[in-house]
Amino acid sequence: MLTSDQNRNKARHVDVREASEHLVVSGHTLYINKSIGFDLTCIDKYLYSMRFSDETLHDIKCRFRRELENGLGRDTNTTATVKMLPTFVRSIPDGSEKGDFLALDLGGSNFRILRVKVTQDKKQPVQMESLVYETPEDIIHGSGTQLFDHVAECLGDFMEKQKIKDKKLPVGFTFSFPCAQTKLDEAVLVTWTKKFKVSGVEGMDVVKLLNKAIKKRGDYEADIMAVVNDTTGTMMTCGFDDQRCEVGIIIGTGTNACYMEELRHIDLVEGDEGRMCINTEWGAFGDDGSLEDLRTEFDREIDRGSLNPGKQLFEKMASGMFMGELVRLILVKMAKEGLLFEGRITPELLTKGKIETKHVSAIEKSKEGLTKCKEILTRLGVEPSQEDCVAVQHVCTIVSFRSANLIAATLGGILTRLKDNKGVARLRTTVGIDGSMYKMHPQYARRLHKTVRRLVPDSDVRFLLSESGSAKGAAMVTAVAYRNKMGLTPTKV
């Protein structure tokens, strides 16, 4: 009888030649490998547990499908880790929307405000003006009052610059954290994720907190009509350009997905007719232990050093926020075992955060990747050889490839769910997608697309990059809300 580790390794085994083929794309490494006589198979073996076979990926896809169903069920939702939060967004844009809107986007180190004008002009149906405001570290680790006072101050400044302080425009609010919603303009924060740890907000309605901050100022009014997650915003942004879009994905600092689910399957919302966008909050996949056989010692170390140990375990394995640190932890261990840098370990290499995800992307570039690798490692004081650079590039490839594979597997779970819901032999759909990992990493998008098509072969999936981010989507949600609920056109300026 096989132990769980043996089972895992048996199921997960990937032929070394397959990994080598991937490396051809990510930077002449096969050629370099031969020319300098450096054997990468030792790294393949060392990081064996990060390299997934299609059998393992299909297994992850099935596990995630079960989690989706648990999150949707009335009796299973309370214990489900993938919370499947109803968004009360019931349709994508149909092209009839028009008006003048404001959109706020809070979810990272920068806070973005947009003015979005939606018209029937076919040449330029959407006009946008935006400003980006910094969200300082003391605010994202401060109090709720500080945070929403900051948001209200930035909004006031934006309206002043736009000369619209005397208008009460409809506002869409992209708030990129898990929220429980009972209606479109109410969102109770479930938990902070990513780098945010603001006191006094969890369990509170963020719309009320923002309205309170705006009212306290007293120098302008705003009508916050819709709160959406960044995934929903991405889906709505892309849905304006492609009405077949029914999935939204973020692969950046964090990762998450939403999709249009049949209302009859959403036990927590009354009604059986039509569809509603569900915010999966898939970052928490595995928080119940369901991914333990796939997590490595490096994943566990990342988790122990995080702001929220034991939480968002899938996100910590797959998102951009942790990728550079995963690579650093692997390099430290390999150096300690004499497999890299002739065993040299420097204070810089031992410092958390010294290898960032942008460095991983630079190292994996096709032509200059090895040169960039040498520069980055030299700054860490390890004096790398050519062999070291090739090895580190291969480590980066394995780590980022694992991320793309994990996202492909969970997305595969959503796509097969959509296919079953529609009862079709072949699914045709569009996935709206955004996030720095997807946009900036030189190989990520291609790897993701290729793996999804292998895992869900009976589908035609178009991946549509959200060029203008999720905030535009919040404005589109607000525009659709006007169209659906009020039959009104918002204030013209």
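Heads up: the structure comes first, above all this text.
Each value, and the rule that gives it
Residues numbered from 1 in each chain as written. Predicted model: local features only at pLDDT ≥ 70, side-chain atom pairs only at ≥ 80, totals over all residues. Heavy atoms only, no water. Helix = DSSP H or I, 4+ residues; strand = E, 2+ residues; numbered from the N terminus. Buried < 20%, exposed > 50% of the residue type's maximum accessible area, 1.4 Å probe, protein only. Contact = heavy atoms within 4.5 Å. Areas by Shrake-Rupley, 256 points an atom, 1.4 Å probe, with all protein chains shown as cover. Expected span 1.5 Å × (residues − 1). Pairing = 2+ DSSP bridges. Axes fitted to C-alpha atoms, helices over the stretch in contact; angles between N-to-C directions. Parallel < 35°, antiparallel > 145°, perpendicular 65-115°, else oblique. Left-handed = near helix turned anticlockwise from the far one by under 90°. Salt bridge = Lys/Arg side-chain N within 4 Å of Asp/Glu carboxyl O.

Draft legend 1. Broad picture of the overall build of the protein. Counting its regular elements, the protein contains 18 helices and 13 strands. The buried share of the protein, reckoned over its 493 residues, is 58%. Counting contacts in the protein only where the partners sit at least 6 residues apart, residues at least 24 apart contribute 72% of the total. Carbon and sulfur atoms provide 49% of the accessible area of the protein, an area that totals close to 20500 Å².

Draft legend 2. Layout of helix H17 (residues 444-455). A rise of 1.5 Å per residue sets the reference length of H17, with its 12 residues, at 16 Å; its end C-alpha atoms lie 17 Å apart and thus fit the reference within 8%. Buried within H17 are the following residues: Tyr444, Ala445, Arg447, Leu448, His449, Thr451, Val452 and Leu455.

Draft legend 3. Molecular detail of the sheet that holds strand E4 (residues 126-134). As summarised here, the arrangement of the five strands in space is E4-E3-E2-E5-E8, forming an open sheet in which the pairing is mixed. Each edge of the open sheet carries a strand with a single partner, namely E4 and strand E8 (223-228). Going across the sheet, the axis of each strand differs from the next one's by a mean of 20°, ignoring polarity. Across five bridges, the pairing between strand E2 (residues 99-106) and strand E5 (residues 170-175) is parallel. Directly across from Leu106, in E5, lies its bridge partner Phe175. Helix H7 (residues 144-162) contacts E2, strand E3 (110-118), E4 and E5 of the sheet and is inclined by roughly 135° relative to E4.

Draft legend 4. Here's a closer look at the sheet that holds strand E10 (residues 255-262). The six strands lie next to each other as E1-E11-E10-E9-E12-E13, forming an open sheet whose pairing is mixed. Single-partner strands in this sheet number two, and they are strand E1 (85-86) and strand E13 (459-465). Across seven bridges, strand E12 (residues 427-434) lies against E13 in parallel orientation. What sits directly across from Val431, in E13, is Phe463.

Draft legend 5. Molecular detail of the environment of Asn77. Topologically, Asn77 is positioned in the loop between helix H5 (54-72) and E1. Taking the relative accessible area as the measure of exposure, Asn77 reaches 12% and is therefore buried. Each C-alpha atom, one on Asn77 and one on Asp267, is 9.1 Å from the other, the two residues being 190 residues apart in sequence. Apart from the residues lying within four places of it in its own chain, the contact partners of Asn77 are Asn70, Gly71, Lys83 and Leu268.

Draft legend 6. Seen up close, the packing of helix H15 (residues 386-422) against H17. Following both chains from N to C, one finds H15 and H17 inclined at 45°, their axes separated by 8 Å at the closest point. With respect to H17, the axis of H15 lies oblique. Pair H15 / H17 crosses with right-handed handedness. Facing H15, whose interface residues are Thr397, Ser400, Phe401, Ser403, Ala404, Asn405, Ile407, Ala408, Ala409, Leu411 and Leu415, H17 presents Tyr444, Arg447, Leu448, Thr451, Val452 and Leu455.

Draft legend 7. Region of interest: the pairing of E12. Counting buried positions over the eight residues of E12 gives seven, a clear majority of the element. Where strand E9 (residues 245-251) lies against E12, five bridges are found, and the strand directions are parallel. Its bridge partner lying in E12, Ile250 is registered against Asp434.

Draft legend 8. View of the pattern of salt bridges. Summed over all chains, the structure comprises 32 salt bridges. Among the salt bridges present, the one from Asp299 reaches Arg402, with a minimum N-O distance of 2.8 Å. Separated by 103 residues along the polypeptide, Asp299 in helix H10 (residues 297-304) and Arg402 in helix H15 bring together distant segments of the chain. We note that Asp299, like Arg402, is buried. Overlapping salt bridges bring together Arg65, Glu69, Glu261, Arg417 and Asp420 as one network.

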